[in-house]
Amino acid sequence: MHDMYSQPKYKPGSPSSLFADDKAARKPPEGTLPIATGERAGPSSGRLGRVDAAPAPASSGASPYPVTLALLQRGRNRYDIYCAGCHGLAGEGNGMIVQRGFPRPLSYLDDRLLRATDAALAHAISDGYGVMYPFGDRVDAHDRWAIVAYIRALQLSQRAPVEHLAPQDLKALGEGAR
Ligand code: HEC
């Protein structure tokens with residue numbers, strides 16, 4: 001008798017005389033990429049179980065990557081592609097998509113985001129935040145930290161303490177003020 005409970009199908013771990021090793025389970029074809037584990041798991045399947053190859057953040061929430069010019073350049077490149085459309089090229093939250101009606105995100109210069117840890121920013125990128133959809137499936141872990149480093153640079157670019165400026169910048173500032 002056939003009913004919903006006994007169907008002509010293999011259950012996990014079932015034997016099968018069809019294959020030489022007597023197992024129904026087959027290895028995935030070479031070159032295929034799993035979407036239920038690894039980088040793509042969270043956003044593509046809704047399952048947990050992401051295995052990030054990138055190093056974990058420090059317990060303080062600081063980025064695991066030292067800030068280098070190459071990291072910042074990579075971050076700027078990814079930011080301009082994936083984020084600037086909404087967050088704006090300088091991070092004020094006034095990108096073109098927002099000008100066309102998408103909800104306006106907080107400026108990166110807002111105190112809350114100045115104080116947020118690197119890990120909190122990286123998490124918002126991978127898993128999304130409120131109406132912002134997740135980017136974990138298209139921005140890999142290394143690039144998320146690169147973008148976070150670039151966001152820090154954007155914040156610094158508009159909030160740098162005067163005493164941190166190089167002499168030539170101080171001079172330019174003085175001339176601008178006059
Ligand atoms: C389609 C528009 C859009 C894009 C693209 C986008 N964001 Fe957002 N983002 C938003 C909006 C809107 C919010 C606020 C969401 C809310 O409060 O519901 C937000 C919030 C955030 C936050 C704030 C989280 C907090 O604690 O307030 C961070 C950080 C952030 N985005 C980073 C990024 C980065 C980095 C990228 C690129 C990888 C990106 N976003 C791409 C629209 C976008």
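Scroll up to find the structure this text is about.
Residues numbered from 1 in each chain as written. Predicted model: local features only at pLDDT ≥ 70, side-chain atom pairs only at ≥ 80, totals over all residues. Heavy atoms only, no water.

Draft legend 1. Region of interest: the pattern of salt bridges. Here the structure, examined in full by the defined rule, presents 5 salt bridges. The partner of Arg152 in a salt bridge is Asp118, with the nearest N and O atoms 2.8 Å apart. You can see Arg152 sitting in helix H7 (residues 141-159) and its partner Asp118 sitting in helix H6 (residues 118-127), a full 34 residues away along the chain. Residue Arg152 is classed as partly exposed on the basis of its relative accessible area, which comes to 22%. Measuring nitrogen to oxygen at the nearest pair gives 3.0 Å for the salt bridge that ties Asp137 to Arg138. When its relative accessible area of 39% is taken as the criterion, Asp137 is described as partly exposed. Since its relative accessible area comes to 41%, Arg138 is described here as partly exposed. (Salt bridge = Lys/Arg side-chain N within 4 Å of Asp/Glu carboxyl O. Helix = DSSP H or I, 4+ residues; strand = E, 2+ residues; numbered from the N terminus. Buried < 20%, exposed > 50% of the residue type's maximum accessible area, 1.4 Å probe, protein only.)

Draft legend 2. Representation of the packing of aromatic side chains. Going through the model one piece at a time under the given rule, you end up with 4 aromatic pairs. For the pair Tyr82 and Phe135, a centre-to-centre distance of 6.3 Å together with 75° between the ring planes defines the contact as edge-to-face. Taken together, the residues Tyr82 in helix H2 (residues 69-82) and Phe135 in the loop between H6 and H7 connect sequence positions 53 residues apart. For Tyr82, a relative accessible area of 26% corresponds to the partly exposed category. Under the relative-accessibility criterion, Phe135 is labelled buried at 9%. Here the aromatic residues Tyr79, Tyr108 and Tyr150 are joined through ring pairs into a cluster of three or more. When the ring centre of Phe19 is taken as reference, the NZ or CZ atom of Arg26 above it lies at 3.8 Å. (Phe/Tyr/Trp six-rings, centres within 6.5 Å; stacked < 30°, edge-to-face > 60°. Lys NZ or Arg CZ within 6 Å of the ring centre and 35° of its normal.)

Draft legend 3. Examining the nonpolar core more closely. Core analysis: the largest hydrophobic core is formed by 17 residues, its most contacted members being Tyr79, Leu121, Ile147 and Ile151. Going through the elements one at a time, H6 and H7 are the ones with two or more residues in this core. (Core = buried A, V, L, I, M, F, W, Y, C linked by side-chain atoms within 4.5 Å.)

Draft legend 4. Summary view of the environment of His123. By the secondary structure assignment, His123 is in helix H6. The spatial distance from the C-alpha of His123 to the C-alpha of Ala141 is 9.9 Å, given a sequence separation of 18 residues.

Draft legend 5. Quick peek at H6. Restricting attention to buried positions, one finds in H6 the residues Asp118, Leu121, Ala122, Ala124, Ile125 and Ser126. Buried-residue contacts for H6 involve helix H5 (111-115) and H7. Where H6 ends, the next residue or the one after it, Gly128, has phi of about 85°, a positive value. (Contact = heavy atoms within 4.5 Å.)

Draft legend 6. Summary view of the packing of H2 against H7. Where H2 contacts H7, the two axes come as close as 7 Å, and the packing angle between them is 95°. Here H2 lies roughly perpendicular to H7, going by the angle between them. On the side of H2, the interface is formed by Leu71, Leu72, Arg74, Gly75, Arg76, Arg78, Tyr79 and Asp80, while H7 contributes His142, Asp143, Ala146, Ile147, Ala149, Tyr150, Ile151, Ala153 and Leu154. Residue classes in the contact of H2 with H7 are distributed as 10 nonpolar, 2 polar and 5 charged. (Axes fitted to C-alpha atoms, helices over the stretch in contact; angles between N-to-C directions. Parallel < 35°, antiparallel > 145°, perpendicular 65-115°, else oblique. Nonpolar A, V, L, I, M, F, W, Y, C, P; charged D, E, K, R; others polar.)

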